[in-house]
Protein chains: 2
Amino acid sequence: MNTALILFAHGARDPEWARPLRRVEAAIRQRVTSVAVELAFLEFLTPTLTDSVAKMAAEGVEKIAVLPMFIAAGGHLKRELPEMIERLRAIYPDIEFVQYGAIGEHERVIQAIATASLEVAGLPLA
Amino acid sequence: MNTALILFAHGARDPEWARPLRRVEAAIRQRVTSVAVELAFLEFLTPTLTDSVAKMAAEGVEKIAVLPMFIAAGGHLKRELPEMIERLRAIYPDIEFVQYGAIGEHERVIQAIATASLEVAGLPLA
């Protein structure tokens, strides 16, 4: 199936905010060349989720995996994002949408944050 | 030097939001038993940064490393946190405060987020 990934991030007034997420996007693109990957934002920055989905729909994507680039899940992921995806499903009934959990809840990310924290604070990595 | 780590997180109305950060805190505690580690919040949840620093000061900590558990750096880290730390320096002149960057900008975390994204979306980890 023709799948695409949307890295869904909060966004901020400062456009530099998106830099680490562009590095994530680049790291994924380096590793999967056959899958469309796009960074989209909840607010302040563009493209929005709706923009990205419209572009992917025009390209004939059949499945969109929405991956929240959030440290943790609060109201944005528990309420707003499901509602946004419901509206997109109504507009694009032929596309399968899958919403995943906050990437910060993934064990691999938790361990990396713990290790990076010890590294930057100059503490021994016991 | 008697150093302590504060994992400084945004916070959210939903107390479950903090769960992945409690896992980060636990992973750090498992690996460095000689250093005080505490999770503190900018808003909605407690302890606040001020609460945590007061507790650590009472325990005789000499240096506090403030590690922002943020995906990226916007106004909270560029303006609010430095101002908060300036106020704390004035209150606790004998404690050395060090503010680090958003943990999401660390290369180890970026790579972990990229790998975790491919894993959860079921894409090959080329």
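Residues numbered from 1 in each chain as written. Chains lettered and ligands numbered in written order. Predicted model: local features only at pLDDT ≥ 70, side-chain atom pairs only at ≥ 80, totals over all residues. Heavy atoms only, no water.

Next up on the list: the relation of the copies chain B and chain A. Least-squares fitting of chain B to chain A yields an RMSD of 0.0 Å, with the superposition described by an axial translation of 0.0 Å and a rotation of 180 degrees. Such values leave the two copies arranged in the relation of a two-fold axis. Most of the interface of chain B is mirrored in chain A, where 100% of its interface residues again form contacts. (Least-squares fit on C-alpha atoms with pLDDT ≥ 70 in both. Contact = heavy atoms within 4.5 Å.)

Before going further, it helps to examine the sheet that holds strand β3 (residues 63-68) of chain B. Residue and element names in this part refer to chain B. Judged by pairing direction, the sheet is parallel, and its 4 strands sit side by side in the order β2-β1-β3-β4 without closing on themselves. Only two strands of the sheet have a single partner each, and these edge strands are β2 (36-41) and β4 (96-99). Averaged over all neighbouring strand pairs, the angle between strand axes comes to 20 degrees, with direction disregarded. Inspection of the sheet shows strand β1 (residues 3-9) paired to β3 by 6 bridges, in the parallel sense. (Pairing = 2+ DSSP bridges. Helix = DSSP H or I, 4+ residues; strand = E, 2+ residues; numbered from the N terminus. Axes fitted to C-alpha atoms, helices over the stretch in contact; angles between N-to-C directions.)

Residues and elements named next belong to chain B. For β1, the tally of buried residues reaches 7 of 7 residues, placing the bulk of the element in the interior. Neither face of β1 is exposed, since Thr3, Leu5, Leu7 and Ala9 on one face and Ala4, Ile6 and Phe8 on the opposite face are all buried. For β1 and β2, the ladder comprises 6 bridges, and the chain directions are parallel. Each residue of the ladder has a partner; that of Leu5, found in β2, is Val37. (Buried < 20%, exposed > 50% of the residue type's maximum accessible area, 1.4 Å probe, protein only.)

All names here are of chain B. Mapped onto the elements of the fold, Ser52 is located in helix α2 (residues 49-58). The class of Ser52 is buried, set by a relative accessible area of 1%. Beyond its immediate chain neighbours, meaning those up to four positions away, Ser52 contacts Ile6, Glu38, Leu39, Ala40 and Pro47.

Our focus in this paragraph is the layout of surface pockets. Size it by volume and the largest pocket reaches roughly 950 Å³. Lining the largest pocket are 35 residues, with His10(A), His76(A), His10(B), Gly11(B) and His76(B) positioned closest to its centre. Elements with a minimum of two residues in the lining of the largest pocket: α3 (75-91) of chain A together with α3 (75-91) of chain B. (1 Å grid on protein atoms, 1.4 Å probe; cavity = no way out; pocket = protein on both sides within 12 Å on 5 of 7 lines; lining within 4 Å. Points joined across faces, edges and corners; volume = space filled by probe spheres on them.)

This part is about the interface of chain B and chain A. Counting residues at the interface gives 47 residues for chain B and 47 residues for chain A. Note that Lys78(B) is salt-bridged to Glu16(A), the shortest N-O span being 3.1 Å. Between the two partners, chain B and chain A, sit 14 residue pairs in polar contact (both at pLDDT 80 or more). Of the residues forming the side of chain B that touches chain A, the biggest block, 14 residues, is contributed by helix α4 (residues 107-120) of chain B. For the side of chain B that touches chain A, the residue count by class is 32 nonpolar, 6 polar and 9 charged. (Salt bridge = Lys/Arg side-chain N within 4 Å of Asp/Glu carboxyl O. Polar contact = N/O pair within 3.5 Å; in protein donor to acceptor, adjacent residues only side chain to side chain. Nonpolar A, V, L, I, M, F, W, Y, C, P; charged D, E, K, R; others polar.)

Residues and elements named next belong to chain A. The interhelical angle for the contact between helix α2 (residues 49-58) and α3, taken along N-to-C directions, is 35 degrees, at an axis separation of 11 Å. Between α2 and α3 lies a crossing of right-handed hand. Each of Leu49, Thr50 and Val53 in α2 lies in contact with α3, whose residues at this interface are Leu81, Met84, Ile85 and Leu88. Considering only residue class, the contact of α2 with α3 consists of 6 nonpolar, 1 polar and no charged. (Left-handed = near helix turned anticlockwise from the far one by under 90°.)

So, about the side chain of Thr3(B). All names here are of chain B. With respect to the helices and strands, the residue Thr3 is situated in strand β1. Residue classification places Thr3 among the buried positions, given a relative accessible area of 15%. Non-local contacts of Thr3, meaning those with residues more than four positions away in its chain, are made with Val35, Ala36 and Lys63.

Let us now look at the sheet that holds strand β2 (residues 36-41) of chain A. Residue and element names in this part refer to chain A. Sheet architecture is open: 4 strands sit in the order β2-β1-β3-β4, paired in parallel fashion. Of all strands in the sheet, those bounded by a partner on one side alone are β2 and β4 (96-99). Geometrically, the sheet is characterised by an average inter-axis angle of 20 degrees between neighbouring strands, direction not taken into account. Across 4 bridges, the pairing between strand β3 (residues 63-68) and β4 is parallel. What sits directly across from Lys63, in β4, is Glu96. Sheet strands in contact with helix α1 (residues 19-31) are β1 (3-9) and β2, and its direction is about 165 degrees off that of β2.

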